[in-house]
Amino acid sequence: GLSRLFRNLYGISLRLARVTPGEVWHPDVRKLEVVDETSGVIGWIYADLFARRGKPSGAAHYTVRCSRRADDDDAHRDLEHVWDEDTLKAVQLSDKFENAHRARIPGTEGVFQLPVVVLLCESARPTARKGPTILAWHEVLTLFHEMGHAMHSMIGRTEYQNVSGTRCATDFVELPSILMEHFLQSPKVLSLFDIKGNMTTGSTHHHEDPCRSIDTHTQILLAALDQIYHSPAALSPEFDSTAALAMLYESRGLIPYVPGTSWQTQFGHLFGYGATYYSYLFDRAIASRVWRKLFADDPLNRETGERYKTGILKFGGGKDPWHMVSTLLDAPEMVNGDAEAMAEVGRWKIEDEVSVPGRH
Ligand SMILES: [Zn+2]
């Protein structure tokens, strides 16, 4: 189904590839070749979808190798500085491997290193007794979300690896993944999963979370808390993170603060995402706008897909995201990414019925 969706949108399909002995870390892992109809293979996704003992829980997309331009590398000069035989052999072996994973993209100058990513999910493994795995709605949503990140990595073609695909401004990194969640809500997209019309098992009605608005409200509080902790107020010797949390919950919370608790110690995103926790909400607002303006009426339109692919996905972090989004949405007032542009995104609002808060 995902392959059919990408073929409709981008002319890209997913193909199961053979693995060589020792290439994957568990027999459950499937290697997918991502094939463009004109350029051929553009990258690889290792899909490790079933839960098992010892595997990290949760879903994730992570990059093994980014795309980058490789034909202006200066490997020969690098080798001049390698003196010992073992290192030399290792470098040459890696060179040989790398050369087999590069491609000239038609219509683009240069030769590109092709991306490799891993996609982790934790669905139940099919068994002989229970039969095939039937994914719950939230699991399909998660798969679509992570696939959005993976395709951002696959389609990104930038000169440098550190700005390829998902390596873009944190403010925009969740846009491609949350947009994919909108696709899943569309009956036209869902029909791609049942081309023979013989869906027999379970219910096709999707699960609606009755608490979704409370979840979104909590996300807003957490984003506000993250901003408070990263504000100059935190530099004061009198600053008390628990008091700040209590004050926020008392003034804006749905449920009052419970004395004696310090939930902030469990808020992992405070570290690493420093002051950008709001991005999830921010990208939900943008994704919703992109969906409505471009895809909602005709979600499988190739022309729109191409516009989004070549206007956003291809550039990763290699172009000002505000420029890309304002061009895509035909909203020139947003091009500067200033306070006015932020306020405009604020007016777009978040749709609770799409997207599960807190996914990464
Ligand atoms: Zn994500």
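Rules of the game
- Residues numbered from 1 in each chain as written.
- Predicted model: local features only at pLDDT ≥ 70, side-chain atom pairs only at ≥ 80, totals over all residues.
- Heavy atoms only, no water.
- UniProt positions renumbered as here; feature names shortened; annotations may be inferred.
- Helix = DSSP H or I, 4+ residues; strand = E, 2+ residues; numbered from the N terminus.
- Polar contact = N/O pair within 3.5 Å; in protein donor to acceptor, adjacent residues only side chain to side chain.
- Domains from an automatic or database assignment.
- Contact = heavy atoms within 4.5 Å.
- Buried area = accessible area lost by both parts, 1.4 Å probe.
- Salt bridge = Lys/Arg side-chain N within 4 Å of Asp/Glu carboxyl O.
- Nonpolar A, V, L, I, M, F, W, Y, C, P; charged D, E, K, R; others polar.
- Pairing = 2+ DSSP bridges.
- Axes fitted to C-alpha atoms, helices over the stretch in contact; angles between N-to-C directions.

Going by the annotation in an unreviewed UniProt entry, the name recorded for the protein chain is Mitochondrial intermediate peptidase, with Phanerodontia chrysosporium given as the source organism. Word for word, the UniProt comment on the protein chain under Catalytic activity (unreviewed entry) is "Release of an N-terminal octapeptide as second stage of processing of some proteins imported into the mitochondrion." Word for word, the UniProt comment on the protein chain under Subcellular location (unreviewed entry) is "Mitochondrion matrix".

A. Representation of the side chain of R65. Looking at the secondary structure, you find R65 in strand β4 (residues 60–65). Among the polar contacts made by the side chain of R65, one reaches the main-chain carbonyl oxygen of L114 at a distance of 3.1 Å.

B. Region of the structure containing the domain arrangement of the protein chain. Taken domain by domain, the protein chain comprises domain 1 (2–74 + 89–193) and domain 2 (212–348). The centre of domain 1, based on its C-alpha atoms, is set 25 Å off from the matching centre of domain 2. At the interface, 35 residues of domain 1 touch 33 residues of domain 2. In total, domain 1 and domain 2 occlude about 2900 Å² of area from one another, counting both sides; carbon and sulfur atoms represent 68% of this. Contact with domain 2 buries area across many residues of domain 1, yet D171, F172 and L175 alone supply 23% of it, more than any other trio. Between the two partners, domain 1 and domain 2, sit two salt bridges. Between D36 and K309 there is a salt bridge whose closest N-O contact spans 3.8 Å. Summed over the shared surface of domain 1 and domain 2, the result is ten residue pairs in polar contact (both at pLDDT 80 or more). Only α1 (2–10), α4 (137–155), α5 (175–184) and α6 (187–190) provide two or more residues apiece to the side of domain 1 that touches domain 2. Looking at the side of domain 1 that touches domain 2, the element that brings in the most residues is α5, giving six residues. Classifying every residue of the side of domain 1 that touches domain 2 gives 17 nonpolar, ten polar and eight charged.

C. Local environment of the sheet that holds strand β1 (residues 12–17). Strand order across the open sheet formed by five strands is β1-β2-β3-β8-β4, with mixed pairing between neighbours. Looking along the sheet, the strands with just one partner apiece sit at the ends: β1 and β4. Ignoring which end each strand starts from, the neighbouring axes of this sheet average 30° apart. Across six bridges, the pairing between β1 and strand β2 (residues 30–36) is antiparallel. Following the sheet pairing, S13 is matched in β2 by V35. α1 contacts β1 and β2 of the sheet and is inclined by roughly 145° relative to β1. Packing against the sheet, α4 makes contact with β1, β2, β3 (40–50), β4 and β8 (116–123), and its axis sits at approximately 175° to β8.

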